[in-house]
Amino acid sequence: MKILVTGGAGYIGSHTVVSLLENGYEAVVADNLVNSSVKSIERVEKITGRKVKFYKADTLDREAMKHILDTENVDACIHFAGLKAVGESVQKPWEYYENNIQGTLILVDELRKHNVKNFIFSSSATVYGDPEFIPITEQCPKKACTNPYGWTKSMLEQILTDIQKADPEWNVILLRYFNPIGAHKSGLIGEDPNGIPNNLMPYITQVAVGKLKELGVFGNDYDTVDGTGVRDYIHVVDLADGHVKALDKIKEKCGLKIYNLGTGNGVSVLQLVKAFEGSTGQKVPYSIKPRRAGDIATCYASADLAEKELGWKAKYGIKEMCEDSWRWQSMNPNGYED
Ligand code: NAD
Ligand code: WQD
C-alpha cells in the first residue's frame with residue numbers, strides 16, 4: 001500500500017514514515033516545510049535504506065494536492081500537516097483556522113475526487129479540555145478548548161465525522177495523541193522546535209545541552225503528587241507504530257473510529273526532570289514560576305481501547321523517552337541546522 005503522509009517531514013510524521021517503511025508500506029510525503037527541514041526525509045532514508053518520494057507542497061494549494069494524487073496512486077492518507085503552537089494560535093487565530101481547517105478541507109476534497117477515502121487524522125488530547133474524568137477514555141465528553149489550535153482539532157474531528165457519516169465509504173480514524181516525546185534510537189531524527197521551545201521535553205534537553213539557562217516549572221500548587229502538572233508522555237516511536245496499527249484497522253473497513261494514543265501513566269513535571277537527570281546524568285536546573293495560562297493539572301489516558309481494538313500498546317517507558325530525547329539533542333544541538 002502507498003500512503004500519502006502530509007506533514008511527513010515533521011516530528012511525528014518523520015517517525016511514522018520510518019515505521020511505515022519498516023512495515024512494508026510505501027510513503028509519499030507532502031510538506032510545505034513551514035516547521036521542518038527536508039533533512040529529516042534524508043535521515044529517514046538513511047535509517048531505513050529506502051527511498052521516500054517527497055513533494056514540497058502546501059495542503060492549501062489545491063493544484064499541488066491534485067497533482068500529487070494524479071501522479072501517485074495512493075491508498076490512504078495520514079494527515080499530520082498543521083500548525084501546532086498553542087500560544088501562537090492565540091495571537092494568530094485566523095492563520096491557524098485557515099491553515100489547519102481550510103488545508104484539511106482542500107486535502108479531503110481532492111482525496112474524495114480521487115476516490116481515496118481512507119484517512120487517519122492527528123487529533124489531540126486537547127479536545128477533552130479540562131477533562132471530566134481521569135484516566136481519560138474516548139467516552140470522556142469533549143469540552144471547550146482553551147486556544148484556537150485546540151479548536152482546530154476539535155472542529156476538524158466534527159467535520160471528518162460528518163463527512164464519514166454522509167458517505168460511509170470513508171474510513172476515518174481520529175487519533176488523539178497525548179504528549180509525544182523521545183526520538184528514534186539512531187539519534188538521526190527528532191523534535192526540532194523553532195526558537196525557544198514551548199513544550200517541556202525540548203526545553204529540558206536545551207537546558208541540558210547548555211542552550212538555555214534553566215527550566216521554568218509552571219506552577220507547583222496543582223492538586224497533584226508534587227504540585228506540578230501531570231501528563232501522559234508517550235514515546236514518539238510508539239506513537240508512530242500506532243499509525244501502522246490504525247492502517248490495519250482501516251483495511252477492515254472500520255468506518256469512523258476514535259482512539260487515544262497514550263501510555264495510561266501520569267508523570268509530573270518534577271518527576272520527568274528527575275527521570276531525565278537519572279537516565280542521562282545531565283543536570284537540569286529549574287525554578288518555580290507562576291502557572292501558565294490555559295494549563296490543566298492532570299491529563300492522562302486510558303489506553304485500553306487502542307489495545308483492545310488495534311492491538312497496540314506503548315512499549316517504551318519514561319527512561320527510554322529521556323535517553324532518546326537526549327541522544328537526539330546531544331547529537332544535533334542545533335536540530336537539523338548545520
Ligand atoms: P510538526 O510541526 O513537527 O509537523 C507538522 C508538519 O506539517 C511540519 O513539517 C510542517 O512543515 C507541516 N505543515 C504545516 N502546515 C502545512 C501545510 N499547510 N501544508 C503542508 N505542510 C504543512 O508537528 P508534530 O509534532 O509532528 O505534529 C504533527 C501533527 O500532530 C500536527 O497536526 C499536530 O497538531 C498533531 N499533534 C501534535 C502533538 C504534539 O505534542 N507534538 C500532540 C497532538 C497532536
Ligand atoms: C507539559 C507540562 C506545563 C514547559 C501541549 C499542547 C497539547 C499537545 C501537547 C498538540 C505542563 C509544564 C512546560 C515549560 C513547564 N499538543 N511545563 N515548563 O501543555 O500538556 O500540551 O503539547 O496537540 O495540545 O497544549 O505540553 O509540554 O507544553 O507541558 O513547567 O517550560 O510541563 O505546565 O504541566 P501540554 P507541554
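A. View of the site of ligand 1. As a structural note, the neighbourhood of ligand 1 is formed by 27 residues, with I12, D31, N35, S36 and Y149 the closest of them. G10 is positioned such that a nitrogen or oxygen atom in its backbone is 3.3 Å from an oxygen atom of ligand 1. Elements represented by at least two residues in the shell around ligand 1 include exactly α1 (11-22), β5 (118-124) and α6 (148-166). Residue contributions to the shell around ligand 1 peak at three residues, all from β5. Residues of the shell around ligand 1, tallied by class, amount to 12 nonpolar, 11 polar and four charged.

B. Spatial organisation of the site of ligand 2. Taken together, 19 residues lie around ligand 2, and Y149, L200, G216, R231 and D295 are the ones closest in. Here an oxygen atom of ligand 2 sits 2.9 Å away from a polar atom, N or O, in the side chain of S124. If ligand 2 stood free it would expose 680 Å²; the protein chains cover 87% of that surface. Sorting the residues of the shell around ligand 2 by element identifies α7 (200-208) and β8 (215-218) as the ones contributing at least two each. When the residues that make up the shell around ligand 2 are grouped by side-chain class, the tally is nine nonpolar, seven polar and three charged.

C. Molecular detail of α7. Summarising burial for α7: eight of the nine residues are buried, a large majority. Buried within α7 we find L200, M201, P202, I204, T205, Q206, V207 and A208. Where the residues of α7 are buried, they touch β7 (179-181), β8, β10 (233-235), α9 (269-280) and α11 (318-331). Of the residues one or two after α7, G210 is the one with positive phi, at around 95°.

D. View of the packing of aromatic side chains. Applying the stated criterion across every chain yields a total of three aromatic pairs. When the ring of F119 is compared with that of W170, the centres are 6.3 Å apart and the planes differ by 90°; the resulting orientation is edge-to-face. With F119 in strand β5 and W170 in the loop between α6 and β6 (171-177), this pair connects stretches of sequence that are 51 residues apart. Each member of the pair, F119 as well as W170, is classed as buried. On the basis of an interplanar angle of 85° and a centroid distance of 6.0 Å, the ring pair of F276 and W326 is categorised as edge-to-face. Residue F276 is located in helix α9, and its partner W326 is located in helix α11; the two are separated by 50 residues in the primary sequence. Like F276, the residue W326 is buried in the burial classification.

E. The arrangement of the packing of helix α3 (residues 62-71) against helix α5 (residues 93-113) in detail. Their axes nearest at 10 Å, the elements α3 and α5 cross at an angle of 35°. Here α3 runs over α5; the crossing is right-handed. Listed contacts from α5 to R62, M65, K66 and L69 of α3 are I106, L107, D109, E110, L111 and K113. A per-class count over the contact of α3 with α5 returns five nonpolar, no polar and five charged.

Rules used in this analysis
Residues numbered from 1 in each chain as written. Chains lettered and ligands numbered in written order. Predicted model: local features only at pLDDT ≥ 70, side-chain atom pairs only at ≥ 80, totals over all residues. Heavy atoms only, no water. Near = heavy atom within 4 Å. Polar contact = N/O pair within 3.5 Å; in protein donor to acceptor, adjacent residues only side chain to side chain. Helix = DSSP H or I, 4+ residues; strand = E, 2+ residues; numbered from the N terminus. Nonpolar A, V, L, I, M, F, W, Y, C, P; charged D, E, K, R; others polar. Areas by Shrake-Rupley, 256 points an atom, 1.4 Å probe, with all protein chains shown as cover. Buried < 20%, exposed > 50% of the residue type's maximum accessible area, 1.4 Å probe, protein only. Contact = heavy atoms within 4.5 Å. Phe/Tyr/Trp six-rings, centres within 6.5 Å; stacked < 30°, edge-to-face > 60°. Axes fitted to C-alpha atoms, helices over the stretch in contact; angles between N-to-C directions. Left-handed = near helix turned anticlockwise from the far one by under 90°.

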